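Secondary and tertiary structure notes
Residues per chain, in single letters:
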There are 2 protein chains.
Amino acid sequence: MRLYDNLDSGNCYKVRLLLAQLGREYEVVEVDTDKGGTRTPEFLAINPNGRVPVLETDDGVYLAESNAILWYLAERTEFLPNSAIGRAQVLQWMLFEQYSHEPYVAVARYITRHLPPDHPRRAELPERRKQGRAAFGVMETHLQSRRFFVDDTYSLADIALYAYSHVADQGGFDLAPFPAVSRWLERVAAQPGYITMTARPG
Amino acid sequence: MRLYDNLDSGNCYKVRLLLAQLGREYEVVEVDTDKGGTRTPEFLAINPNGRVPVLETDDGVYLAESNAILWYLAERTEFLPNSAIGRAQVLQWMLFEQYSHEPYVAVARYITRHLPPDHPRRAELPERRKQGRAAFGVMETHLQSRRFFVDDTYSLADIALYAYSHVADQGGFDLAPFPAVSRWLERVAAQPGYITMTARPG
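Each chain carries its own residue numbering, running from 1 in the written order of its sequence. Lettering for chains starts from A, numbering for ligands starts from 1, and both go in the order in which the items are written. Two thresholds apply to this predicted model, a pLDDT of at least 70 for residue-level local features and 80 or more for giving and counting side-chain atom pairs, whereas whole-chain, interface and lining totals are computed over all residues.

1. Observations concerning the overall build of chain A
Each helix corresponds to a stretch of at least 4 residues labelled H or I by DSSP, and each strand to a stretch of at least 2 residues labelled E; elements are numbered beginning at the N terminus. What chain A contains, in helices and strands, is seven helices and four strands. At 17 Å, chain A has a C-alpha radius of gyration in line with the 17 Å of a compact globule built from 202 residues. Expressed along its principal axes, the backbone C-alpha trace of chain A runs to roughly 50 × 45 × 30 Å. The proportion of buried residues among the 202 residues of chain A is 43%. Once C-beta atoms are placed from the backbone, any two residues with those atoms within 7 Å are in contact. Pairs at least 24 residues apart make up 68% of the contacts formed inside chain A by residues separated by at least 6 positions. Note that the radius of gyration is over C-alpha atoms, with the globule rule given as 2.2 Å times the number of residues to the power 0.38. With C-beta atoms placed from the backbone, a residue is buried if 20 or more other C-beta atoms are within 10 Å of its own, exposed if 12 or fewer are, and partly exposed between those counts.

Encoded structure:
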């Protein structure tokens, strides 16, 4: 397998973390997203939506969308529940992550870290941070009585939500008002096979 | 089963369309999203993220996120592929829908239809429409050589992308530059058991 990857992308880190925990070997192609690496004709032939990560499977199929890649890799493993309702709840949280969390928590971090201090998109930060705090509030409520998001067991839902939550401070978020989220972040980091965001395979 | 629903929501229509095509019976609870119906304490107890649709299963579990509900209802039916890569590709397109399509195509429609003519959010429309056209461009490229999104067979991917695409004109989109998308819309509307967006069960 080959992963079209970017080391600073939480969406890519989700896939690297799961691959490490599954003990799978793979090649990495680092894509320089800041320099237009996802907008070249060659990359757009791989993913017409122009985003990393993309997984090239052993059969040569290019699969995009981080959470779809997680699902492909984790079917019939301990990282997905056995029950239909459990699998649907994992998906519910992965879709929450992409719709109500990532556009605020990850994009605030992107603007903060990757755009110059005078960039006009910095005007978006107050609203992005407000919506991001709302997402952490939903997570806090859920985690007050639970160790992990679904079935009290570590799953893809935790991997998907951990990736950008654990570096939210880099986007100007303070997680002190969300103690259940903070304790959950520690539980995820204590899982077998855990790797940090900047760890490379091999 | 009971569906917390809103007749004008494409996300809710996805679920109604699949339920009709599966021949499943269910109760409807209409939620007035324009009048804060998703922000009451009673509704937030059902979905802390404050959005419709929510499916209450026969076991009394509340499941949120339209595409997670579709998945729950369609596992082991003809609406999902048999292969792991096929299922992952359906998810890829459902995640594309929620991240790269719905925030532009659906939100432009919402602003156009539900907010007053002098509302400040109308300033968002040019950018929302630009990004929505980009999403239709990705779909057009994919559909130029295909009848449906995955495995050339009607699936959840088509349902998820159809819901807001087929009413994009209500958000100020012109699909004339996307003829393959337009032909695909007609193919979806010709599927057995198809119902329109304003059709109610039973």
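2. A word on the interface of chain A and chain B
At the junction of the two partners, chain A supplies 26 residues and chain B supplies 26 residues. Sorting the residues of the side of chain A that touches chain B by element identifies β4 (62–64), α3 (66–74), α4 (84–114) and α5 (125–143) of chain A as the ones contributing at least two each. In terms of residue count, the dominant contributor to the side of chain A that touches chain B is α4(A) (11 residues). Side-chain classes follow a simple rule in which Ala, Val, Leu, Ile, Met, Phe, Trp, Tyr, Cys and Pro form the nonpolar group, Asp, Glu, Lys and Arg form the charged group, and the remainder, Gly included, forms the polar group. Of the residues assigned to the side of chain A that touches chain B, the class counts are 15 nonpolar, nine polar and two charged.

3. Side note on the relation of the copies chain A and chain B
Aligned on chain B, chain A shows an RMSD of 0.0 Å; the corresponding rotation is 180° and the shift along the axis is 0.0 Å. Both copies of the chain, as the preceding transformation shows, are related through a two-fold rotation axis. Considering only C-alpha atoms, the residue of chain A closest to the rotation axis is Tyr99(A), which sits at 3.1 Å. When the copies are superposed, the least-squares fit takes in the C-alpha atoms of residues with a pLDDT of at least 70 in both.

4. Concerning the packing of α5(A) against helix α7 (residues 179–189) of chain A
Residues and elements named next belong to chain A. The convention used is that axes are lines fitted to C-alpha atoms, helices contributing only their stretch in contact, and that angles between N-to-C directions extend from 0 to 180 degrees. The interhelical angle for the contact between α5 and α7, taken along N-to-C directions, is 75°, at an axis separation of 8 Å. If you check the angle between α5 and α7, you find them roughly perpendicular. Side by side, α5 and α7 meet where Phe136, Met139, Glu140 and Leu143 of the first sit next to Ala180, Val181 and Trp184 of the second. In terms of residue class, the contact of α5 with α7 is built from six nonpolar, no polar and one charged. By definition in this entry, angles of less than 35 degrees are roughly parallel, angles greater than 145 are roughly antiparallel, angles of 65 to 115 are roughly perpendicular, and the rest are oblique.

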